[in-house]
Amino acid sequence: MSKIIPPGAKVRYAIVGCGWISQGHFMPGVVNTKNSTMTVAITDDPEKGKALCEKYKLLKWYLYENFDQALKEALFDALYIATPNFRHAEFTIPALELGYHVLLEKPMETSEEGCRAILAAQQKTGAKLMVAYRLHCEPTTIEIINRVRSGDLGDPRIFNSVFSQSVSPSNHRYKNGFDAGPIPDMGTYPINAVRNIFAMEPIEVYAVGSKNPEFDTDFSDTVSVTLKFSGSRIATFTVSYSASGTNQFTVVGANGSIECNPSYMFGPDIAVRKILLSFSPLS
């Protein structure tokens, strides 16, 4: 059975994984809500745990290796899990099996097998499980999807996107193989964008990758992907850990195009520039 939260009571969150996404965005966001609060931090860094307890007046902090103890002591109703992607199942499955609700950072897991295991755990207790993919709710993204589907561009034919960032070789993303690489970490954005804009699934996929010779990695840190869809629609995107930061996409239809830049990132002072261009076919 899932955890029951009394009507009117605040949802008590445990924060699992206290990196920049948690500290820079989720935790300050919870402070601004009226229906949620934070009670526990679970981290691999004792100093970080102590500092967050003091800053947010949390009840307690735990190390990752004491996660079972945290579940038993039950000082929370739900977990926000923002660990590295390849550790999602490790924390999500036992929490769901005990009936805790989970808000899980994207991607759900790094493999189909891992995703199915998480879903099976959720079905055992009926606990709520949500993937924290904010672009499903982001106003500009929704407007672009609606414009395309309403026919503003005519038949959408082409999608192109570049999403890159300069990641330090000391970052965990460079130390844990493909599962921490740019496709699972960043590829979710253009893949979900084009799937929703075209409102269909790809039927063929091609990819090519390269490695920055300055870094000793066992995976491609820059990957370009081509997705073929039915109806003569094509999507291409490139994701990279070894280029200056950019995030944009363009949708081209039979009668016009939309550019979204920036398209995926978030934070203060970030605004989206949208350009709708119409044209007439050449005679």
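Computed from a predicted model, the values in this text were never measured in an experiment. (Residues numbered from 1 in each chain as written. Predicted model: local features only at pLDDT ≥ 70, side-chain atom pairs only at ≥ 80, totals over all residues. Heavy atoms only, no water.)

## Digging into unusual backbone geometry
This is how the line gets drawn: Numbering of helices and strands runs from the N terminus; a helix is a DSSP stretch of H or I covering at least four residues, while a strand is a stretch of E covering at least two. Burial classes: relative accessible area under 20% of the type maximum marks a residue as buried, over 50% as exposed, and values in between as partly exposed (1.4 Å probe, protein chains only).
The step from Lys106 to Pro107 runs through a cis peptide bond, and the omega angle for that step is -15°. With respect to the element layout, Pro107 can be found in the loop between β5 (101-105) and α5 (112-125). Cis geometry marks the peptide bond from Asn261 to Pro262, where omega comes out at 0°. You can see Pro262 is positioned in the loop between β12 (256-261) and β13 (273-278). Although it is not a glycine, Ala74 sits at a positive phi angle of roughly 55°. Residue placement: Ala74 occurs in the loop between α3 (67-73) and β4 (78-81). For Ala74, a relative accessible area of 30% translates into the label partly exposed. For Ser232, which is not glycine, the phi torsion reads 60° and is therefore positive.

## Some remarks on the packing of aromatic side chains
Put simply, the rule reads: When the centres of two rings from Phe, Tyr and Trp lie within 6.5 Å, Trp using its six-membered ring, the rings pair. Their planes under 30 degrees apart give stacked, over 60 give edge-to-face, and anything left gives tilted.
Tallied over the entire structure, the rule returns 12 aromatic pairs. When the ring of Phe26 is compared with that of Tyr80, the centres are 3.7 Å apart and the planes differ by 10°; the resulting orientation is stacked. Within this pair, whereas Phe26 is found in helix α1 (residues 20-31), its partner Tyr80 is found in strand β4, the two being separated by 54 residues in sequence. Summarising the aromatic geometry, the rings of Tyr133 and Tyr189 are spaced 5.6 Å apart at their centres and angled 45° between planes, so their arrangement reads as tilted. In this pair, Tyr133 is assigned in the loop between β6 (129-132) and α6 (139-149) and Tyr189 in helix α8 (residues 188-198), connecting sequence segments 56 residues apart.

## Concerning the environment of Phe266
Quick note on the threshold: Contacts were defined at the residue level, with two residues in contact if any of their heavy atoms lie within 4.5 Å.
Topologically, Phe266 is positioned in the loop between β12 and β13. Exposure remark for Phe266: the relative accessible area of 22% places this residue in the partly exposed category. Taking the C-alpha atoms as reference, Phe266 lies 20 Å from Ser168; in sequence the two are 98 residues apart. For Phe266, the contacting residues outside a window of four places in its chain are Trp20, Ile21, His25 and Arg134.

## Focus on the pairing of strand β10 (residues 233-240)
So the rule is basically this: By definition, two strands form a pair when at least two bridges between them are found by DSSP.
Bridge count for strand β7 (residues 156-166) against β10 is seven bridges, and the pairing is parallel. The partner of Val162 across the bridge, within β10, is Thr238. When strand β9 (residues 222-229) meets β10, the two strands line up antiparallel, connected through eight bridges. Opposite Ser224, over in β10, you have Thr238 as the bridge partner.

## Thoughts on α8
When you tally the buried positions in α8, you get eight out of 11 residues, the bulk of the element. Residues Thr188, Tyr189, Pro190, Asn192, Ala193, Val194, Ile197 and Phe198 constitute the buried set of α8. For α8, the secondary structure elements touched by its buried residues are α6, β7, α7 (182-186), β9, β10 and β11 (242-253). Ala199 sits one or two residues past α8 and shows a positive phi near 60°.

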